[in-house]
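Fold and geometry: a report
Residue-level listing of the chains:
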Amino acid sequence: MEFLSDYGLFLAKTATFVVAALLIIGMLASLGSRRRDHDGHIEVTALNDRFEDWEEQIKSVVLDEASFKQERKAAQKKAKAERKAKKKSGEDEQPKPRLFVLDFDGDVKASDVEHLRHEISAVLTLAKNSDEVLVRLESAGGMVHSYGLAASQLARIRSHGIPLTVAVDRVAASGGYMMACIANTILAAPFAILGSIGVIAQLPNFHRLLKQHNVDFEMHTAGDYKRTLTVFGENTEEGRDKFREELEETHVLFKQFVAENRPQVNIEKVATGEVWYGTQAVDENLVDVISTSDEYILQKRTACDLFEVKYVARKTLAEKVGVAAHGALDTVLGKWISRLSQRPLV
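Quick summary incoming for the structure in this document. Position labels on residues start from 1 in each chain and follow its written sequence. Restriction of local features to residues with pLDDT of at least 70 applies here, the model being predicted, together with a cutoff of 80 or more for giving and counting side-chain atom pairs; totals for whole chains, interfaces and linings are based on all residues. Only hydrogens and water are removed before side-chain values are computed, so all heavy atoms of the structure are retained for them.

A closer look at the pairing of strand β3 (residues 132-138)
- Burial analysis of β3 places six of its seven residues in the buried class, which makes it a mostly covered element.
- Strand pairing is assigned whenever DSSP detects at least two bridges linking the two strands. Only DSSP runs of H or I reaching four residues or more are called helices, and only runs of E reaching two or more are called strands; each is numbered from the N terminus. As paired elements, strand β2 (residues 98-105) and β3 share seven bridges and run parallel to each other. The partner of Leu99 across the bridge, within β3, is Glu132.
- Seen with its strands pointing away from the viewer, a crossover is right-handed if its path from the first strand over the helix to the second goes clockwise. As for the winding sense of the linkage, the β-α-β connection from β2 through helix α4 (residues 113-124) to β3 is right-handed.
- Crossover handedness for the path β3 to helix α5 (residues 144-159) to strand β4 (residues 164-168): right-handed. Only protein chains enter the accessibility calculation, which uses a 1.4 Å probe. A residue is then buried if its area is under 20% of the maximum for its type, exposed if over 50%, and partly exposed in between.

Quick look at the structure:
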């Protein structure tokens, strides 16, 4: 009995500690979320410098020492001669146009729009009409209102008269294509997936299951169509018809949006919900050029100053703890599973 008493006391202390820790983390997370909008910062990376460093590293290994030194001297001599010639002719050295590179990785809620809006605002404080913005976009779509906002953020670039290019390396479908069609130019990798100009909505219904177990469900609304379909109540044909009508209205708006931004598209032909690979999408005018984002950036290297712009949000304590715990759990489970299976994990 003494053992059970001690064990019960130990469990009570442990439970109290865990509950207290969770409460503290919850309070910190709540406070952190209130300050979240002010806790991020913009990071800018000069991509020209990165490429030059890579080039130097490759040459230092591939070329013999004498050839490497000779090439460096020749490059320095050429740059010096160009500067001297411009100074002698009295020409002012004109700054190169700039290419600002942004990334958007979309989920169902287009959560990355919170970072995108800050990145675009930062770029617009400096960018001129001679500059360009490249957005590396990846998204299979999601909520209409969320992707509508994301597309509106890209439209801010166009409204400032700055050329916008969207590069699709893997997928820009549905809401993703809603964003892409804003661009002056759309690039796509040969097997990137584009299109899916359609609208979908689905939900389960548990009414028969609840009825089978004698469980009542009540829902009260004011307005004939405040709720057309429900998960737990009994759906009616009238509700289903209204729901389909709303989907059709959304699809019409989607088609109009694409047609306004890409008038060269035969909207009735492509707005069937189908998808096309990059090489097929060119024929349908869904994209303009077959190219990866990497190739496009390298082509711009000599003519432009390249800058990658990212908004980095500061993680709250709860998020840091959660990431650390998730990583530790993954490590433990991964080792345990690999020992059981004795097979490599991918």
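On we go from here.
Details of the layout of surface pockets
- If you add up the space inside the second largest pocket, you get close to 460 Å³.
- Lining the second largest pocket are 21 residues, and of these Gly142, Met143, Val144, Met178 and Thr250 lie nearest its centre.
- Elements that contribute at least two residues to the lining of the second largest pocket include exactly α5, α6 (175-180) and α8 (237-261).
- When residues in the lining of the second largest pocket are grouped by element, the largest group, six residues, is from α5.
- In terms of residue class, the lining of the second largest pocket is made up of 12 nonpolar, nine polar and no charged. In this analysis, the protein atoms alone were mapped onto a 1 Å grid. Cavities are point sets where a 1.4 Å probe fits without being able to get out; pockets are open sets with protein on both sides within 12 Å along at least five of seven lines; lining residues have an atom within 4 Å of a point. Grid points are joined across faces, edges and corners, and a volume is the space filled by probe spheres set on the points. Under the scheme applied, nonpolar residues are Ala, Val, Leu, Ile, Met, Phe, Trp, Tyr, Cys and Pro; charged residues are Asp, Glu, Lys and Arg; polar residues are all the others, including Gly.

Looking at α4
- With 12 residues, α4 should reach 16 Å at 1.5 Å per residue; the first-to-last C-alpha distance of 16 Å fits that figure.
- Along α4, the residues classified as buried are Val113, Leu116, Glu119, Ile120, Val123 and Leu124. For α4, the angular spread of buried residues about the axis comes to 130°, placing them on one side.
- Only heavy atoms enter the contact rule, under which two residues are in contact if any of them lie within 4.5 Å. Elements that come into contact with the buried residues of α4 comprise β1 (40-46), β2, β3, α5, α6 and β10 (305-313). For a helix, the expected span equals 1.5 Å multiplied by the residue count minus one. Summarising the geometry, the arc corresponds to the directions from the helix axis toward the C-beta atoms.

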